[in-house]
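Observations on chain architecture
Chain by chain, the residues:
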Amino acid sequence: MIQSLKRNQNGVTLIELMIALSLGIIVTFMTIKVYVDHRQAFRLIDATNRLQENGRLAIEFLSINIREAAYNCTNTTSSTCLTGVNSTTDSITFDDVDSDTKKFLISNGENGKSLFFDDGDSTNGTGTEEYVEGIENMQILYGEDTDNDKIPNYYVPYGTSGLSLDNVVSVRISLLAQSVETGVSSSVQTVEYDNDDDGIKETESASNGRLLKVFNTTIQIRNRVLN
Ligand SMILES: [Ca+2]
Ligand SMILES: [Ca+2]
Ligand SMILES: [Ca+2]
């Protein structure tokens, strides 16, 4: 009887050991998967928030500055009152209240394309600086008022035949923002964005698992509307 009990308590069998090992591996695998999933979800939320933040910051900064454009230019024709470049990505140049010539453009920054700003202040300014990262493209349309009611009759790109920049009372800006973080989306993100000012949107695809978002705004040039 005693010997029989001892036999029953003689350690674990090979099958029991294998089951225990398998369960251990499964639990470890599930724990790692939960951790990776949580980490990925956190990265996605973080990248989405940062993308929103960058887009809003860029729009706000453009609005604050362009709203004050052409201060000394109501009745003059200065080449820097309000001008721009229409290309694969646009830029805009304008004089402000201090007659500094400011400029917004898209260029290569530390982490890819960014919105750059030149404050035009040669005395105390900083020159052209990277201001908001993750801005891939900027398209600008100029709202020309042809009947002096301070309301644009149409919006056209810079360089359009017949566009008089002296009569521009507002600008429409469309930004294509891309997350700085890579690998946050398992599928290729796409957005519709008019990248050549022809009124027809193209499909833009994000690279390397990034996120994409379009930000639009219309900015009234107060010095043209209130005078
Ligand atoms: Ca353009
Ligand atoms: Ca009008
Ligand atoms: Ca287009």
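What comes next is a walk through the structure. (Residues numbered from 1 in each chain as written. Chains lettered and ligands numbered in written order. Predicted model: local features only at pLDDT ≥ 70, side-chain atom pairs only at ≥ 80, totals over all residues.)

**Details of the overall build of the protein chain**
Scanning the protein chain for helices and strands turns up three helices and eleven strands. Counting helices and strands in the order they occur from the N terminus, the protein chain gives α-α-β-β-β-β-β-β-β-β-β-β-β-α. For 227 residues, the compact-globule formula gives about 17 Å, and the C-alpha radius of gyration of the protein chain, at 29 Å, lies well above that figure. Taken along the three principal axes of its C-alpha coordinates, the protein chain extends 115 × 40 × 25 Å. (Helix = DSSP H or I, 4+ residues; strand = E, 2+ residues; numbered from the N terminus. Rg over C-alpha atoms; globule rule 2.2 N^0.38 Å.)

**Description of the sheet that holds strand E5 (residues 128-133)**
Strand order in the open sheet formed by five strands is E1-E2-E3-E4-E5, with antiparallel pairing between adjacent strands. Edge strands, defined here as strands with exactly one partner in the open sheet, are strand E1 (82-85) and E5. Taking each pair of neighbouring strands and ignoring which way they run, the sheet shows an average axis angle of 25°. Bridge analysis of E1 against strand E2 (residues 91-95) gives four bridges, and the strand direction is antiparallel. Paired with Val85 across the two strands is Ser91, which belongs to E2. Of the strands in this sheet, E2, strand E3 (101-109), strand E4 (112-118) and E5 are in contact with helix H2 (residues 14-66), which crosses E5 at around 135°. (Pairing = 2+ DSSP bridges. Axes fitted to C-alpha atoms, helices over the stretch in contact; angles between N-to-C directions. Contact = placed C-beta atoms within 7 Å.)

**Focus on the environment of Tyr155**
With respect to the helices and strands, Tyr155 occurs in strand E7 (residues 154-157). A tally of 19 C-beta atoms within 10 Å means that Tyr155 is categorised as partly exposed. Distance in space between the C-alpha atoms of Tyr155 and Arg172 is 7.7 Å, their sequence separation being 17 residues. When neighbours within four sequence positions are excluded, Tyr155 is seen to be in contact with Leu141, Tyr142, Gly143 and Arg172. (Buried ≥ 20, exposed ≤ 12 C-beta atoms within 10 Å, placed from the backbone.)

**Here's the deal with the sheet that holds E7**
Taken in spatial order, the four strands line up as E7-E6-E8-E11 in an open sheet, and their pairing is antiparallel. Edge positions in the sheet fall to E7 and strand E11 (212-220), since each has one partner strand and no second. Strand after strand, the sheet turns through a mean of 25° between neighbouring axes, direction not considered. In the sheet, strand E6 (residues 135-144) pairs with strand E8 (residues 168-178) via nine bridges, with the strands oriented antiparallel. Bridged to Leu141 within E8 is Arg172.

**Overview of unusual backbone geometry**
A positive phi angle, near 60°, is found at Asn148, a position not held by glycine. Within the fold, Asn148 resides in the loop between E6 and E7. Of the residues examined, Asn148 has 8 C-beta atoms within 10 Å and is grouped as exposed. Of note in the backbone geometry, Asp197 takes a positive phi value of approximately 60° without being a glycine. Assignment of secondary structure puts Asp197 in the loop between strand E9 (190-193) and strand E10 (202-205).

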